[in-house]
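Chain by chain, the residues:
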Amino acid sequence: MEKYKPSEESLKFIAFIRACATEDNANAEIHYRLADKYFSDSKQIVIESFRGSAKSTLMEWLVLYTAVMGELPGFGEVGFIAFVGDSAENGVKSFFRNLAAKIDRSDLLRQMLTIKRKTDAEMELANADGTELYLKGFGASALALDTKLYTDSGYTTIGECRVGDKIYGPNGVQSTIITKSQVFNKPSYRLKLEDGRCLTLSDDHINNVYIKTSVGNSKFKEKNLTTTELMDIPLRASKPSSPNKYEPMVYIKNTKPVEYSSKELPIDPYLLGYALGDGSFQGSQIRIHVQDLDYDELVTNLGDVTIGKVYTDVRHNKSNPVKSFGVLKQNNALRELALDGVSCKNKFVPNIYKFGSIDQRIALLQGLLDSDGTIDKEGRRIRFSNTSKQLSEDVAELVRSLGGYATITASEGVPGTKNPSTCYRVFIHIDINVFRLSRKSSRFVVSKYKKDKVAIKSIEKVESVPTQCIAIDSDDHLFLAGDYVTTHNTNIRGVRYKNLRPSVIILDDITTNEAK
């Protein structure tokens, strides 16, 4: 076997360390091998090594070596290095503290470098020639491990996702996960929106928010703020005309309709939606109930299906009786979707339908709202009512996946009355006509009052939970998490110093072994 021979640059680098600080005994073969990685031709380097191999120490010395030389050998001039640690509080502070300590302990380094400015997350260094190097630190932006993410084939989570997976962002299209961190145990907070959605996130997670420029104003300023920074901003402000009334000031923007691919669905989405709203699933057929005035149009909307005998019930309304009929030959599809014999209170939307194309999800919603939905005469208030909590939550999820706004309320049932079951109502605001029956769809109008943002209701500290962060390759670095909540990944894009962008980015203990 050929004996290992370090590169010339590695020999110079290790000699530099030994000349500056004898207590950092960088001389083992692994140190030279790690240094060889630093000075390779690759612009993206992943270094994995065992605990105690001095990986972090060598990385700190690499920064100081770059500052002294004014360049990174094999790479070129470097004026700005960004450091991303596991947290702003620990990893970032330790990095800058260690750099300052190395300079302070070395007579040689103090001759070659001057610390012009230093904070817990920034440092400006100048070498003997006056060449400056700016360093800025960033904490990893982490979410709870069970936080949902959205792929074209269904849900994944922060904990389960892998580097290379494609997830959806608020622009409606996919981005690729390019980095994933180790698991952290940071202080945790719960961010709650006014529509009931929540995210559990770390103190240094980056949140993409829209802040009103003033009370009563409809103008917003977009900002990316950590959870800690966000907590320093008032979420509500009193109105000058009514001091006892408060107005939300901080919002998160809704997603655009998510562009899932078209799926092979065992039951037409409109038919399934209508049956989930006002029908039942019995053996080999789907039982449908419809008012007489809608019967002909509904049958047309259902398309090419086999309909059984039609029954008419005049007990409650002789002028507009209820007709019921079966859509036949559905036994295989119902078993496949686990809907055969499901009760009203336990109805749900099968996951494959939640991840259908935009047109498929619209058709599903149209069926649901044609059966169990209402719209007022002005076309402003859309409501879905049902006794299944899960189905109501699924309807809200569908609306949000299409860029709409949905809130859920519950009215407790009273045993022994004609309303013994709890009724769930989903209030919907959306710019898409989610009706197909003409007596409802004709009322729909696109509101001139945009509801494309949701106010943040509260941010509260909760018991700490394991968290991880990811980075994606989209230009805006935004992705959808939780229940279609727009949020931000670990990101330094857009950061500048004296018109410089980072030419070197160090991810310390951020990349998992999935990033090989």
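From a predicted model like this one, the values you see are computed outputs, not experimental measurements.

J.: Which parts of the structure should I look at to understand the overall build of the chain?
T.: Along the backbone of the chain there are 13 helices and 32 strands. Of the accessible surface of the chain, which amounts to about 25200 Å², a share of 47% is contributed by carbon and sulfur atoms.

J.: Teacher, can you tell me more about the packing of helix 7 (residues 269-278) against helix 8 (residues 292-302) here?
T.: When two helices pack together, their arrangement is given by the angle between their axes and by how far apart the axes lie. In contact at an axis separation of 9 Å, helix 7 and helix 8 are set at 135 degrees when each is read in the N-to-C sense. Viewed along their axes, helix 7 and helix 8 adopt a mutual orientation that is oblique. Of the residues in helix 8, those in contact with Tyr270, Leu271 and Tyr274 of helix 7 are Leu298, Asn301 and Leu302. Classifying every residue of the contact of helix 7 with helix 8 gives 5 nonpolar, 1 polar and no charged.

J.: Quick question: what am I supposed to make of the environment of lysine 498 here?
T.: Of note, lysine 498 is situated in the loop between strand 31 (485-488) and strand 32 (504-507). Taking relative accessible area as the criterion, lysine 498 reaches 57% and is therefore assigned exposed. The sequence separation of lysine 498 and glycine 79 amounts to 419 residues, and the corresponding C-alpha distance is 9.6 Å.

J.: Please clarify how the pairing of strand 20 (residues 285-291) should be interpreted in this entry.
T.: Residues in a regular strand point their side chains to alternate faces of the sheet. Of all 7 residues in strand 20, 5 are buried; the element is thus mostly enclosed. Bridge count for strand 19 (residues 279-282) against strand 20 is 4 bridges, and the pairing is antiparallel. From the neighbouring strand, phenylalanine 281 faces strand 20, where its bridge partner is isoleucine 286. Strand direction decides the pairing type here: strand 20 and strand 22 (residues 322-327), joined by 6 bridges, are antiparallel.

J.: How should empty space enclosed by the protein be read in this particular structure?
T.: A probe as big as a water molecule, rolled over the atoms, marks out the empty space that is left. Across all of its chains, the model carries 1 cavity of 30 Å³ or more by this definition. Approximately 30 Å³ is the volume attributed to the largest cavity. Every residue along the wall of the largest cavity is listed here: Leu191, Leu199, Leu201, Asn207, Asn208, Ile252, Val485, Thr486 and Thr487. Looking at the lining of the largest cavity, the elements with two or more residues in it are strand 13 (198-202), strand 14 (206-212) and strand 31. With 3 residues, strand 31 is the largest single contributor of residues to the lining of the largest cavity.

J.: For this particular structure, what's the right way to read the pattern of salt bridges?
T.: Side-chain pairs of opposite charge can arise whenever the charged atoms involved come near each other. Counted according to the given criterion, the structure contains 19 salt bridges. Across the pair arginine 117 and glutamate 124 runs a salt bridge whose closest N-O atoms are separated by 2.6 Å. The exposure class of glutamate 124 is buried, given its relative accessible area of 12%. The salt bridge partner of aspartate 152 is lysine 263, with a shortest N-O separation of 3.5 Å. Remark: lysine 263 occurs in the loop between strand 18 (250-253) and helix 7 and aspartate 152 occurs in the loop between strand 8 (148-151) and strand 9 (154-157); sequence separation between them is 111 residues. The buried category is assigned to lysine 263, whose relative accessible area is 17%. Each member of the salt-bridge network shares a partner with another, and the members are Asp195, Arg197, Arg400 and Asp483.

J.: What's the story with the sheet that holds strand 29 (residues 470-472) in this structure? I'm lost.
T.: Strand pairing in a sheet is mediated by backbone hydrogen bonds. Such pairs are either parallel or antiparallel. Strands sit in the order 10-11-29 across an open sheet of 3 strands; the sheet is antiparallel. Looking at strand neighbours, the two that pair on one side only are strand 10 (166-168) and strand 29, the edges of this open sheet. When the angles between neighbouring strand axes are averaged without regard to direction, this sheet yields 50 degrees. Pairing between strand 10 and strand 11 (residues 174-180): 3 bridges, direction antiparallel.

J.: Would you take a moment to explain unusual backbone geometry for this structure?
T.: Keep in mind that most residues, glycine aside, have a negative phi and that most peptide bonds are trans. Of note in the backbone geometry, lysine 329 takes a positive phi value of approximately 60 degrees without being a glycine. Note on placement: lysine 329 falls in the loop between strand 22 and helix 9 (331-336). We note that tyrosine 484 has phi near 60 degrees; this positive angle belongs to a residue other than glycine. Counting through the fold element by element, tyrosine 484 comes out in the loop between strand 30 (478-481) and strand 31. On the basis of relative accessibility, which here comes to 2%, the residue tyrosine 484 falls in the buried class.

J.: Sorry, what's going on with the environment of lysine 457 here?
T.: You can see lysine 457 is positioned in strand 27 (residues 453-462). Lysine 457 sits in the partly exposed class, given a relative accessible area of 45%. It is 8.7 Å that separates the C-alpha atoms of lysine 457 and glycine 196, two residues lying 261 residues apart in sequence.

J.: Help me understand the packing of aromatic side chains, please; the structure alone is not making it clear to me.
T.: The relation between two aromatic rings is expressed through the spacing of the ring centres and the mutual angle of the planes. Within this structure, the stated rule accounts for 14 aromatic pairs. Taking 6.0 Å as the distance between ring centres and 85 degrees as the angle between the ring planes, the aromatic pair formed by phenylalanine 16 and tryptophan 61 counts as edge-to-face. Of this pair, phenylalanine 16 sits in helix 1 (residues 8-20) while tryptophan 61 sits in helix 3 (residues 55-69), and the two are 45 residues apart along the sequence. Residues phenylalanine 16 and tryptophan 61 agree in their burial class; the two are buried. Pairing tyrosine 155 with phenylalanine 355 gives two aromatic rings, centres 4.9 Å apart and planes at 85 degrees, and the pair type is edge-to-face. With tyrosine 155 in strand 9 and phenylalanine 355 in the loop between helix 10 (351-354) and helix 11 (358-372), this pair connects stretches of sequence that are 200 residues apart. Take tyrosine 155: its relative accessible area is 28%, and that puts it in the partly exposed class. By relative accessible area, phenylalanine 355 is classed as buried at 3%. Site record: aromatic cluster; members linked through ring pairs are Tyr150, Tyr155, Tyr168, Tyr260, Phe355 and Tyr484.

J.: Explanation requested: the nonpolar core in the structure shown.
T.: The nonpolar side chains of soluble globular proteins are, as a tendency, buried together. By size, the foremost hydrophobic cluster in this structure holds 48 residues, and its most contacted members are Ile267, Phe281, Ile286, Ile288, Leu298, Leu365 and Leu368. Excluding residues that lie within four positions of it along the chain, phenylalanine 281 makes contacts with Leu272, Ala275, Leu276, Ile286, Leu334, Leu339, Asp340, Gly341, Val342 and Lys347. Counting 38 residues, the second largest nonpolar core, distinct from the first, contains Tyr38, Phe39, Leu58 and Phe83.

J.: Would you take a moment to explain the sheet that holds strand 32 for this structure?
T.: Spatial ordering of the open sheet is given by 4-5-6-3-32, a layout of 5 strands whose pairing is mixed. The two strands at the open ends of the sheet, each matched to only one other strand, are strand 4 (113-118) and strand 32. Shown here is a sheet whose adjacent strand axes are inclined to one another by a mean of 20 degrees, direction ignored. Two strands pair when backbone bridges link them, and strand 3 (residues 80-85) and strand 6 (residues 132-139) are joined in this way by 6 bridges, in the parallel orientation. Looking at the pairing, isoleucine 81 lines up with leucine 135 of strand 6.

Quick notes on the rules
Residues numbered from 1 in each chain as written. Predicted model: local features only at pLDDT ≥ 70, side-chain atom pairs only at ≥ 80, totals over all residues. Heavy atoms only, no water. Helix = DSSP H or I, 4+ residues; strand = E, 2+ residues; numbered from the N terminus. Areas by Shrake-Rupley, 256 points an atom, 1.4 Å probe, with all protein chains shown as cover. Axes fitted to C-alpha atoms, helices over the stretch in contact; angles between N-to-C directions. Parallel < 35°, antiparallel > 145°, perpendicular 65-115°, else oblique. Contact = heavy atoms within 4.5 Å. Nonpolar A, V, L, I, M, F, W, Y, C, P; charged D, E, K, R; others polar. Buried < 20%, exposed > 50% of the residue type's maximum accessible area, 1.4 Å probe, protein only. Pairing = 2+ DSSP bridges. 1 Å grid on protein atoms, 1.4 Å probe; cavity = no way out; pocket = protein on both sides within 12 Å on 5 of 7 lines; lining within 4 Å. Points joined across faces, edges and corners; volume = space filled by probe spheres on them. Salt bridge = Lys/Arg side-chain N within 4 Å of Asp/Glu carboxyl O. Phe/Tyr/Trp six-rings, centres within 6.5 Å; stacked < 30°, edge-to-face > 60°. Core = buried A, V, L, I, M, F, W, Y, C linked by side-chain atoms within 4.5 Å.

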